[in-house]
Amino acid sequence: MFGELIPVGGGDPIPLLKKHLLIGRRESCDIVLRFSNVSAHHCELTLDNGYWYVKDLGSSNGVKVNDVRVLERRLDPGATVAVAKHTYEIQYNPEDLGAVGPPPPETMNSDLFSKSLLERAGLEKKGRDIPDEPHPRPGSGRRFDVMDDRPGQIKDPNRPK
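Residues numbered from 1 in each chain as written. Predicted model: local features only at pLDDT ≥ 70, side-chain atom pairs only at ≥ 80, totals over all residues. Heavy atoms only, no water.

A word on unusual backbone geometry
And step 1. One non-glycine residue, aspartate 67, lies in positive phi territory at about 70 degrees.
And step 2. Residue position: aspartate 67 is located in the loop between strand E7 (63–65) and strand E8 (68–70). (Helix = DSSP H or I, 4+ residues; strand = E, 2+ residues; numbered from the N terminus.)

Okay, here's the thing in structure tokens:
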């Protein structure tokens, strides 16, 4: 056993039996949480160099570590991790799991600049179409600006010429 998740507020501890665990509502997950606010594949726990990490897998209701919403974070012993609104305390000993020296960085991989700030905050989807031109072309199916005087735009009959 590589540690356990202790439900905050009571309940049976969940043993961490593998170094990579999928948490979600689906029966195929390693840790099944049968709650409607938990996504099918909500997050994953990974053991790396003696420390557990959590990574949100694009869930609807998110993951929090010590009451802060995160996409990916190291879980120190005694930290709380909330899957949707279900909170657990993680218990393990890094030295017993092979940790040597000071704790590693907070995130497993440091691809901090590979995503935009809006995308990391969950406000923009990856691969979103952003038009290259400031105004849509006529017939493109997009909305027209009634204040635009370019050809093909809708004219406001009440606007002076």
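Structural notes on the nonpolar core
And step 1. By size, the foremost hydrophobic cluster in this structure holds 27 residues, and its most contacted members are Leu5, Leu45, Trp52 and Val54.
And step 2. For this core, the secondary-structure elements that each account for two or more residues are strand E3 (20–24), strand E5 (43–48), strand E6 (51–56), E7, strand E10 (80–83) and strand E11 (86–91).
And step 3. At four residues, E6 tops the list of elements feeding residues into this core. (Core = buried A, V, L, I, M, F, W, Y, C linked by side-chain atoms within 4.5 Å. Buried < 20%, exposed > 50% of the residue type's maximum accessible area, 1.4 Å probe, protein only.)

Some words on the environment of glycine 9
And step 1. As for its position among the elements, glycine 9 is in the loop between strand E1 (4–7) and strand E2 (14–15).
And step 2. Considering only alpha carbons, one finds glycine 9 and tyrosine 88, 79 residues apart in sequence, at a separation of 8.8 Å.

Remarks on the sheet that holds E11
Think of a sheet as strands paired side by side through backbone hydrogen bonds, with each pair either parallel or antiparallel.
And step 1. Overall, antiparallel pairing links the six strands, which are arranged E2-E1-E11-E10-E7-E8 in an open sheet. The sheet is open, and its two borders are formed by E2 and E8, each paired with just one other strand.
And step 2. Here four bridges tie E10 to E11, and the two strands are oriented antiparallel to one another. Counted as the bridge partner of valine 81 is tyrosine 88 from E11. (Pairing = 2+ DSSP bridges.)

Details of the side chain of aspartate 56
And step 1. Position of aspartate 56 among the secondary structure elements: in strand E6.
And step 2. Buried and unpaired, aspartate 56 has no salt bridge, with arginine 69 as the nearest side chain of opposite charge at 4.5 Å.
And step 3. A polar atom in the side chain of aspartate 56 sits 3.0 Å from the backbone nitrogen of glycine 58.
And step 4. Excluding residues that lie within four positions of it along the chain, aspartate 56 makes contacts with His42, Cys43, Gly62, Val63, Val70 and Leu71. (Lys, Arg positive; Asp, Glu negative; His and termini not counted. Salt bridge = Lys/Arg side-chain N within 4 Å of Asp/Glu carboxyl O. Polar contact = N/O pair within 3.5 Å; in protein donor to acceptor, adjacent residues only side chain to side chain. Contact = heavy atoms within 4.5 Å.)

Re the pattern of salt bridges
And step 1. In total, this model carries three salt bridges according to the counting rule given.
And step 2. We note a salt bridge from lysine 18 to aspartate 30, for which the minimum N-O separation is 2.8 Å. Taken together, the residues span a long stretch of sequence, with lysine 18 in the loop between E2 and E3 and aspartate 30 in the loop between E3 and strand E4 (31–32) at a distance of 12 residues.
And step 3. For the salt bridge of glutamate 27 with arginine 34, the shortest nitrogen-to-oxygen distance reads 3.1 Å. The two residues glutamate 27 and arginine 34 agree in class, both being exposed.

Describing the packing of aromatic side chains
And step 1. The full count for this structure, using the stated rule, is zero aromatic pairs.
And step 2. Positioned above the aromatic ring of tyrosine 51 is the side chain of arginine 74, whose terminal nitrogen or guanidinium carbon lies 5.7 Å from the ring centre. (Phe/Tyr/Trp six-rings, centres within 6.5 Å; stacked < 30°, edge-to-face > 60°. Lys NZ or Arg CZ within 6 Å of the ring centre and 35° of its normal.)

Thoughts on the state of the cysteines
And step 1. For the structure on display, the rule yields zero disulfides.
And step 2. Between cysteine 29, a free cysteine, and cysteine 43, which holds the nearest cysteine sulfur, the sulfur-to-sulfur gap is 9.0 Å. (Disulfide = S-S within 2.5 Å.)

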